[in-house]
Structure formats: structure tokens, C-alpha cells
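# Structural features, examined
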Amino acid sequence: MELRLEKFTKAFGPVTVIQDMDLTVGSGEMMALLGPSGCGKSTTLFAICGIHKMTGGRLYFGDRDVTSVPAQQRSVGVVFQNYALYPHMTAEQNIGFPLKVMRQPKAEIAKEVQRLADLVQIGDLLDRRPAQLSGGQQQRVALARAMIRKPDVLLLDEPLANLDAKLRLEMRAEIRRIQRETGITAILVTHDQVEAMSMCDRIALMRDGKIVQLDTPERMYADPASQFVAGFLGNPPISFLPARAGEQLAIGQSQVLPRPAGLEVQGDIVLGIRPEHFGPQHGQGLHGEVIFVEPQGREELVDVQLDGGGILRAILPTGDPVKLGDRVNWGVSGGNILAFSTEGVRL
Amino acid sequence: MKTRLLAFGFLSPALIAVFFFFLLPVLLTVVFAFTNMSTSTGIMGGAYQINETQMGSLRDTEVSPESIEKLEGAGYLISEAGLAALAEEFGEDTAEELRDDYLGETFAARRDLERVLRNLDDPIRNTRDRKAAADLFVSTVIGERFDTAEDFRAALVETGIDPADHDLLTEFAYTGWTWTTANFSLLAELPSTMRYASNTAFYVVCTLTFNILFGLFLAISTFYLPGRLANTFRAIWFLPRILPPVLYVLMWNWFTWDRGFIATVAGWFGAPQQNWMLHTSTHAWTAVILINGFVGASLGMILFSSAIKAIPTSMLYASEVDGANRWQQVRYIILPQMRWPILFMTSYQTLSLLTSFEYILLATDGGPGRSTEVWALAAYHTALNNYGGNLQYGLGAAYALALVFIGIALSILYLRFFNFKELLSKPRIEQ
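The structure presented is a predicted model; accordingly, all values stated were derived computationally and were not measured. (Residues numbered from 1 in each chain as written. Chains lettered and ligands numbered in written order. Predicted model: local features only at pLDDT ≥ 70, side-chain atom pairs only at ≥ 80, totals over all residues.)

## Here's the deal with the overall build of chain B
As a reminder of what qualifies: Strands are runs of DSSP state E lasting at least 2 residues, helices are runs of H or I lasting at least 4, and numbering of each runs from the N terminus. Atoms considered for the radius of gyration are the C-alpha atoms alone. The globule rule reads 2.2 Å times the number of residues to the power 0.38. To assign burial, the other C-beta atoms lying within 10 Å of each residue's own C-beta are counted, with C-beta atoms placed from the backbone; 20 or more indicates buried, 12 or fewer indicates exposed, and intermediate counts indicate partly exposed. Any pair of residues counts as being in contact when their C-beta atoms, constructed from backbone geometry, are within 7 Å of one another.
Counting secondary structure elements, chain B contains 22 helices and four strands. On C-alpha atoms alone, chain B measures out to a radius of gyration of 35 Å, which is more than a quarter above the 22 Å that the 2.2 N^0.38 rule sets for 431 residues. Expressed as a percentage of its 431 residues, the buried residues of chain B come to 32%. Restricting to contacts in chain B with at least 6 residues of sequence separation, those with at least 24 account for 71%.

Written as C-alpha cells, this is what we have:
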């Protein structure tokens, strides 16, 4: 079911957190609300599920205006960051709780619980209490509980934040699989760009209560709308390099890069160069000294202090004989240079 | 070793306090309960004395009538003790003469002895001296105070009372306390015991129920109120607890007085003027339960409120998006997680309600009649505030001792039943 926020405004007392936000999530789509902490993404989620009242604007599930419908009647499923399982109930009772409060017959509840337990693959853990479950299992229970009412929208609030790295990888795929299988419209709130990019169809990147860019992960990565977006996406992060646009791009005191096609401005700008676009595989052109090497197993992160000022990060396959203190002369993939104004606007 | 000593040193104030303020009172209660201590026996031991006024009750005992007659008519006896005193005051010769002629003789009246003294070869001439001298030979046991049992028995021997009656008389004459189990048999016999026990059970069950339910109601209802309003409400409901009991009950008295608030308002609707606290036992019980209930409920409210606040907000949010309405949220999410505080309040309040009686004392003093007299209050009345003036420490202690045992039994029951150990060792609310 399509979800539509129109001119959504949320204020806590005198502080306006979100002003006139518009957002449309397509039916069956998984949308990420991505942003640093305090950007208003959780506030948006709480407003969508009805826990917080909206100060202004309207919210539609499909054609139905649910702006003033209380949370209980909204048909949303929510997975909370700490899962918020009820500690005094077994997994089965937890999952069946939404149906229980709807006063459904016991047999019906048991059948539905079994169906959901099979979907999230915890059929043999149903009689355990949350305290007896691992983090990933709790996560699955929470997911099943959120989905049992067959809600119009599934909301996930930092669902992976409390898991260790390996489980996070596994649950990332799990959640996406379940969302695809059920075809449910889902919103994922996260501050982790990897989660957002790997799990979602589209990302709404938020900052200070506004959506700064709304796009598919690939396009957002390749074509960021601003320096903030470029900096937020990508791991290892992008390097920014102050430059002066003239005939060529002057970097620091002494070095130059060719002007990328289509760049029309003159004067001071900021270049964004991702680590994979700088290195020996892109030829030569920039001289510098290796000041930092961080082995990561399959690849190595290398920071290069450019002659005349500026630092660029490169990512190289392990085995490249680069040592701390080495002098290098590496090239940049010209077509992938991103240029921003000094205010951070994409040029 | 050193740290252990140090730990003991740090602990000692607490140990001393526990000993003096808990163990010692309990021990003394046990001791007192097995005595017949009262105001008349004192607590220090006693003397041997039979007074004129006790003669009537002496006749009801198994002491033989002859002995009683002798006790009453003993009069004056020329004894070695008397002679020794005489010798000291009136000279060896007079005493010697009297011994030779009259040792062992008795005189019913002082006049007879005085005549003998006047007619001696070496007479005592002064009338007043004669009277004083005669008094030295007073032999009656009646009205005389003897410090030890031996002295008393010696006096009985001198008076010539049948030795068969000595034991009975000694026992009768003893004014101090003795060891006895009579308190407990008395408790078992008295019909008032059952009455007090059932009063106590009724009082504890009703007040406890009111405490817990009303405390829960206040905690939950204020939980759903906006912050400042909730705090104001809690503060108001907390007043009974921070008010001095005397003041608090005094206000209740004014409230229920026969010219008080309720009576006045009810009077507008034609109700007869009456004391709404003491009119009937139903009125009294209602007042007692409400007075104690509001105090207990305010404590429960505070405890329950903080317990509710300890439930993670996200859990409450989750229940809301799961579709639970307020009532279902309370019923399925909040109450099950309040198990521990509710159990704690129940056991704590049971024990404190069993033993505390100050509010009842101040409000109804067990009245009307004895309808609101609970066990602890009965113990107090018996031991420390008896209308007749004879405070029966021993019997009162027996009442108290029974309460101590009930308290211990209930504590053990609660510990067992509620599995406190487990509850204390695990976090109350798991994440």
C-alpha cells in the first residue's frame, strides 16, 4: 500500500523538528530514512505509526487519511531498536499479542503465529521468553509480531543497531527477504548508510528535519546532490579536496588535474574523490607521500598526503607493495570527480 | 583477618541497634509473657504481706479456718525477738523478768500486756513508754511487710499457725511477680481472643485490599496524566502519609464528628445528627479502613508509579502499535510487570498492618464497644493503658508474643511463596 506524507510538520513545544516534509513510499517499496542522529528520522517514524501526533500536514495510507487515527487503529507494524518484546510473555504470546488484543479466537491466533514463525524461521523457539533468546532471535520475534496483523506498513527503527557485526549481515538479508516475500511497504530508519544502501529500494537522506535527497542507492552514491550526501554515503568515506577551477583544476600549491567535462564554474570549489577513483590503476598525475596504511584483509586503505596540500584516500587490493612513507604518483578517474561549491552545493 | 575485624567494626553500630531495638524487646516480650507481671506486682520482685482487706479472699482459699482465726487474733506474743528489742530500750532486767514469767504467752489485747508490764517488779511507769514497749511484741502477721519468705514463715511459726498452711499462706502473701503460663491458658479461654483475632484478620484483609487496589489505581491513572498534573495529584494523595498521624486522625474526627462535615451535609438532607465514625461498628470499620487505607495507598502509589516508569517506553509504544487500548495495555503489559512491587507491598503492608495500631487508637480506640479492637491494640490496652489502672504487662506480652509468631510465620510464608530470592537476584524488568 502506498504511503504519503504531505507537508508533515512536527514540533516539540517551541522546537520545530520537522517542517513541511513530503514523502511518498510506493506500494511494496522499501524506503530508508537515513541520516545522522537528531535529523528527525525517528520522529518521522513515530509520527507515521501514530505514537506521536503530527503538528501539521497529512498522512495517507493508500487513499485513507490516517492523520488523526490513533496508533491502535493504524494498521502499522513496528520493530523497535531494542525490539521492545514483552519480557513476561513467551515468543508465541509476543507474536500473537496483536491478535489477542483484537480478541481473535485462540485457534486462529495459533495458526497465524505458526505461519509467521515459519516466515521468520523461529518455529522451534516459540515457548521461550525473550530473556532466553539471542539478539537475532529476538529480532525475528519482533519482526513476526510486527507483521502478524498483516499491516499496511512495516516500520523498522534501527533494527540492526543492537546486533553484532555478523548477525547484522545475516539479519540485513533476512529482513529484505521477508519484505520481498510479503510485498509489504516498509520504512527503515537507520543512521548506517551500509544498511540503507544494501536493504532498500530508495533512500531518503535527512538532515536537520529535511530530506536532502531522495533516490535509489546507486544514483545517490554516484550522483549526490550535495557535499553532505556525498560525505554521508560510502565506506570508506569520500575525500574532499579544496581546488581552484581555472584552465585546469589547481590543487594545493603545485599540482593540477584536468577539468572534468561539463564543469563550468571558475574559482574556489571543493572536489569529492571516492577512494576507488584514486590509485595506480587510474594512471598518474598526483604526487604525494603515503602517510597511513590500514589493512582490511581483502583490501587496504591508504591515505596519501599530496605535495602542496590536501589528503586523498585510496583503496587498493591487498598485495600492492605500498608502505608507510612511500612516494607515489597516482592518477584520478576523471569522469568520476564530483565538484561542489564551497557551500557544499553540487556543481 | 584484619579486614574482617574492620568489617565487624563498621557493622557494630547496626548490630548494637538490632540487638537493643529488636532482639532485646522480643526477648523481653518472651520473658514477660511467661510471668504475671502487672502494676500491682511490679517488675522488680516483691515482699510478703497480707492486709486486712485481703482477709475475705483468704477465706476463699484452702487455708484452714483455725489458722485464719489465729492470724486475726494473734495479738501480742512474748517472743525472743520482742524481748531483745525490749532489753535494748528498757533495760536488761525488765526483759529478763518478762522472759522468766511470760515467754511464749499471748495476749489478745494490748491492754492485757500493758497491765503485765505495769505490774512487773521493775515496772515501766510511763504510759506512753508502756504502749511503745507493748508494741514491740505485736505478733500479728496481718499488715506486716516481710522482705523474705523466711521472715514470713518465721512469723507464721511464732504466731503458732499450723505448718500445713504455711506454703499456701506464703504463696498468698507474696506481692511480686511469678513465672506462669496462665497468660496463655487465659488467652485460650477468653472469648475476646477470638473476637480480636477475627477483628484483626478483617482489618488486615480489607485495608490491604484497599491499599493495593487504590495505590494501583492512583499510580496507573496518574501515569496517563500529563506530567505536572500527575505530580500535583500525587502530592495531594501523599499528604496523609507526611501528615503527623495525630493531626491526620484529628481531621478525620472533625470530618465525622456529630457536628462535623458529614453530619452537617447529611443534615441538609434530613439525616439525623450522629457521629459518623462511632455510630455503629460498620461506621467505625469504614472509618478505620479508609484512614489506614489512604495512608497505605499513598505509599503504594509512589512505589507503583516508579515501577511503571521503569517499564521501557518503547514497550508501551509497541503495545500501542500492536493495537492494545489503554485497558489492555494496563492489563497485559503494565500489571504483569508490576508483580514484584505488588508482592512487596502486599507482604510489607500485611506485616505493618498486623502490628500497627496508632491510627485505630487515635480514631476509635477500639470502639464502639470493642468492635474495632484489633490484636495489637488489645495488647496495648492490656499492657500499657488499662482503664482499671492495673496494667497487665504479662498478659499484654502474651498478646504481643502471639503477634510476633504470626509475623514470623507470615514472613516465612511470603518468602517461600513469592520466591523472594529469585526476585531479588534477577533484574526486575528484562530488556
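## With respect to the overall build of chain A
Per the secondary structure count, chain A includes eight helices and 20 strands. In terms of overall dimensions, chain A has a C-alpha envelope of 75 × 45 × 35 Å along the principal axes. Sequence separation of at least 24 residues holds for 64% of the intrachain contacts in chain A that already meet a minimum separation of 6.

## Some points on the domain arrangement of chain A
Test applied: Here the bounds of each domain stem from an automatic or database domain assignment.
You can read the domains of chain A as domain 1 (3–229) and domain 2 (236–341). The distance between the C-alpha centroids of domain 1 of chain A and domain 2 of chain A comes to 39 Å.

## What to know about the sheet that holds strand E8 (residues 185–190) of chain A
All names here are of chain A. For clarity, the cut-off: Strands were regarded as paired on the criterion that DSSP finds at least two bridges between them. Think of each axis as a best-fit line through the C-alpha atoms, taken over the contacting stretch in the case of a helix, with angles from 0 to 180 degrees between the N-to-C directions.
Pairing is mixed across the open sheet formed by six strands, whose spatial order is E6-E7-E8-E3-E9-E10. The sheet terminates laterally at strand E6 (76–79) and strand E10 (210–215), the two strands that pair on one side only. Adjacent strand axes in the sheet meet at a mean angle of 20° when their direction is disregarded. Where E6 meets strand E7 (residues 153–157), four bridges bridge the pair, whose relative direction is parallel. Bridge pairing in E7 places Val78 opposite Leu155.

## Some words on unusual backbone geometry
A cis amide bond, omega 0°, links Asn235 of chain A with the succeeding residue Pro236 of chain A. Among the structural elements, Pro236 of chain A can be located in the loop between helix H8 (227–232) and strand E11 (239–245). Phi is positive for Tyr83 of chain A, which is not a glycine, with a value near 70°. You can see Tyr83 of chain A is positioned in the loop between E6 and helix H2 (91–100). Tyr83 of chain A gets classed as buried once you count the C-beta atoms within 10 Å, which come to 25. The phi torsion at Asp365 of chain B lies on the positive side, around 50°, for a residue other than glycine. Within the secondary structure, Asp365 of chain B is located in the loop between helix H19 (358–363) and helix H20 (375–384). On the basis of neighbour counts, which here come to 15 C-beta atoms within 10 Å, the residue Asp365 of chain B falls in the partly exposed class.

## Thoughts on the interface of chain A and chain B
So the rule is basically this: Under this grouping Gly is polar, as are all residues other than the nonpolar Ala, Val, Leu, Ile, Met, Phe, Trp, Tyr, Cys and Pro and the charged Asp, Glu, Lys and Arg.
In this complex, chain A contributes 21 residues to the contact, which on the side of chain B involves 18 residues. Elements with a minimum of two residues in the side of chain A that touches chain B: E6 and H2 of chain A. Across the side of chain A that touches chain B, the residue classes break down as 15 nonpolar, four polar and two charged.

## Observations concerning the nonpolar core
To keep things clear, this is the line we draw: As used throughout, a nonpolar core is a set of buried Ala, Val, Leu, Ile, Met, Phe, Trp, Tyr and Cys residues joined through C-beta atoms within 7 Å of each other.
Membership of the largest hydrophobic core comes to 159 residues, with the highest contact counts inside it found for Ala32, Cys49, Leu155, Ile187 and Leu188 of chain A. Take this core: its biggest share by element is 12 residues, from helix H15 (residues 281–309) of chain B. With near-sequence residues (within four places) excluded, Ile187 of chain A lies in contact with Val25, Met31, Leu33, Leu45, Ile48, Val153, Leu155 and Leu156 of chain A. Judged by nonpolar contacts, the second largest core, of 16 residues, contains Leu77, Phe107, Ala134 and Leu136 of chain B.

## Comments concerning the sheet that holds strand E4 (residues 56–61) of chain A
Spatially, the four strands line up as an open sheet ordered E2-E1-E4-E5 (chain A), and their pairing is antiparallel. Looking along the sheet, the strands with just one partner apiece sit at the ends: strand E2 (15–25) and strand E5 (64–65) of chain A.

## Here's the deal with the pairing of strand E16 (residues 286–295) of chain A
All names here are of chain A. Taken together, the four bridges between E16 and strand E19 (residues 327–332) define a ladder with antiparallel strand orientation. What sits directly across from Leu286, in E19, is Trp330. Of the pairings in the sheet, the one linking E16 to strand E17 (residues 299–306) comprises seven bridges and is antiparallel in character. Residue pairing in the sheet places Val293 in a bridge with Val302 of E17.

## Details of the confidence of the model for chain B
All names here are of chain B. This is how the line gets drawn: Values of pLDDT, the confidence the predictor places in each residue, fall between 0 and 100.
In this model, chain B carries a mean pLDDT of 82, and residues with pLDDT of at least 70 account for 95%. Taking the mean pLDDT of every element in chain B, the minimum, 61, falls on helix H22 (residues 420–425) and the maximum, 92, on helix H11 (residues 191–223). This complex was scored by the predictor with a pTM of 0.74 and an ipTM of 0.82.

## Some remarks on helix H13 (residues 245–256) of chain B
Residue and element names in this part refer to chain B. Quick note on the threshold: Take the residue count of a helix, subtract one, and multiply by 1.5 Å to get its expected span. Think of the arc as the fan of directions from the helix axis to the C-beta atoms.
End to end, H13 covers 16 Å across 12 residues, agreeing with the expected 16 Å (1.5 Å per residue, within 8%). Looking at H13, one finds that the buried residues are Tyr248, Val249, Trp252 and Thr256. Buried residues of H13 fall within an arc of 90° about the axis and therefore sit on the same side. Exposed side of H13, more than 90 degrees from the buried face: Val246, Leu247 and Trp254 are the residues found there. Residues of H13 that are buried in the fold lie against helix H12 (227–242), helix H14 (261–268), H15 and H19.

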